[in-house]
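# Report on the structure
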Amino acid sequence: MSSHSHAPEPVPPFLLIGIAAIIAITLLGTAFTRVTEIGSQERAETAITKSVMLRFTDEADGGVSVYNHDSGALIWHYPPETGGFVRTAMRAVVHSRKVAGIGPEAPFQLARTEEGRLLLTDPVTDLTVGLEAFGADNVRDFAQILDNKDANG
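Everything in this summary refers to the structure shown in the same document. (Residues numbered from 1 in each chain as written. Predicted model: local features only at pLDDT ≥ 70, side-chain atom pairs only at ≥ 80, totals over all residues. Heavy atoms only, no water.)

## Brief notes about the overall build of the chain
To keep it simple, the criterion reads: In this description a helix means any DSSP run of H or I spanning at least four residues, a strand means any run of E spanning at least two, and both kinds are numbered starting from the N terminus. The contact rule is simple, with two residues in contact once any of their heavy atoms fall within 4.5 Å. Surface exposure here means Shrake-Rupley accessible area, sampled with a 1.4 Å probe, where a residue is shielded only by the protein chains that are shown.
The secondary structure content of the chain amounts to 3 helices and 6 strands. Counting only contacts in the chain whose residues sit at least 6 apart along the sequence, the fraction spanning at least 24 positions is 52%. Per element, the accessible surface of the chain, about 9,300 Å² overall, is 58% carbon and sulfur.

## Digging into the environment of Phe56
As for its position among the elements, Phe56 is in strand E1 (residues 48-58). Counting along the chain gives 12 residues from Phe56 to Asn68, while the straight-line C-alpha distance between them is 9.1 Å. Contact partners of Phe56, with chain neighbours within four places excluded, come to Val64, Ser65, Val66, Val86, Met90 and Phe108.

## Re the packing of aromatic side chains
To be explicit about the condition: Between rings of Phe, Tyr and Trp, where Trp is taken as its six-membered ring, a pair exists when centres lie within 6.5 Å; planes separated by under 30 degrees are stacked, by over 60 edge-to-face, and by other angles tilted. Think of it as a cone above the ring: NZ of Lys or CZ of Arg counts as a charge over the ring if it is within 6 Å of the ring centre and within 35 degrees of the ring normal.
Going through the model one piece at a time under the given rule, you end up with 4 aromatic pairs. Seen in terms of ring centroids, Trp76 and Tyr78 are 6.3 Å apart; in terms of plane orientation they differ by 40°. Their pairing is tilted. Ring geometry for Phe85 and Phe142: centres 5.8 Å apart, planes at 90°, overall edge-to-face. A residue pair is termed long-range when its members are at least 10 positions apart, and Phe85 in helix H2 (residues 84-99) and Phe142 in helix H3 (residues 136-147) qualify at 57 residues. Above the ring of Phe108, the side-chain terminus of Arg97 is found at 3.9 Å from the ring centroid.

## As for H3
This is how it is decided: Take the number of residues in a helix, subtract one, and multiply by 1.5 Å to get its expected span. The classification of residues rests on relative accessible area computed with a 1.4 Å probe and restricted to protein chains. Under 20% of the type maximum is buried, over 50% is exposed, and intermediate values are partly exposed. Arc definition: it is the arc formed by the directions from the helix axis to the C-beta atoms.
Taking 1.5 Å as the rise per residue, H3 with 12 residues should run 16 Å; its terminal C-alpha atoms sit 15 Å apart, in good agreement. Burial in H3 covers these residues: Asn138, Val139, Phe142, Ala143, Ile145 and Leu146. Looking straight down H3, one finds its buried side chains confined to an arc of 155°; they lie on one side. Tucked into the core, H3 has its buried residues touching E1, strand E2 (64-68), strand E3 (74-78), H2, strand E4 (108-113) and strand E5 (118-122).

## Describing the pattern of salt bridges
Put simply, the test is: Note on definitions: salt bridges are taken to be side-chain nitrogens of Lys or Arg within 4 Å of carboxyl oxygens of Asp or Glu.
Per the counting criterion, the structure on display carries 6 salt bridges. Taking the shortest distance from any N to any O, the salt bridge between Asp147 and Arg112 comes out at 3.0 Å. Here Arg112 lies in strand E4 and Asp147 lies in helix H3, a separation of 35 residues in the sequence. When its relative accessible area of 41% is taken as the criterion, Asp147 is described as partly exposed. Among the ionic pairs, Lys149 bridges to Asp150, the shortest N-O distance being 3.2 Å. On the basis of relative accessible area, Lys149 is assigned to the exposed category, the value being 64%.

In short, the description is geometric, and any link to function would need to be established separately.
Dropping the structure here:
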């Protein structure tokens, strides 16, 4: 029997552009709602059952590494041309910091609620993105980061 190693298929550029556009629209809508309070609804806070503070680093080879901010442990590494949704989501959130004139030093929080929702929060800008809006496959990418043994310190 021969075993075949399959490298992940690269994500088509048009798909990444589409995802980036959706995230950008979501972030702009959220910012608009926070500033104007138009369309906002009070929502009961849901309890966080698990969370980790993360730092994302672009590597020289084009890869992206995800670190536990508190312990410094490497949680996940995306080789070049992989992890398309994670890359796109983080670039969109980092962009909101740049627009606000804030640097990349502060960590991001990835959390799971009692209801099983995954939330990516920027504590600096108070922006929270509900990741389930982007589909099960994309939620799974972030769930793997949160559930990694090194995410727990």
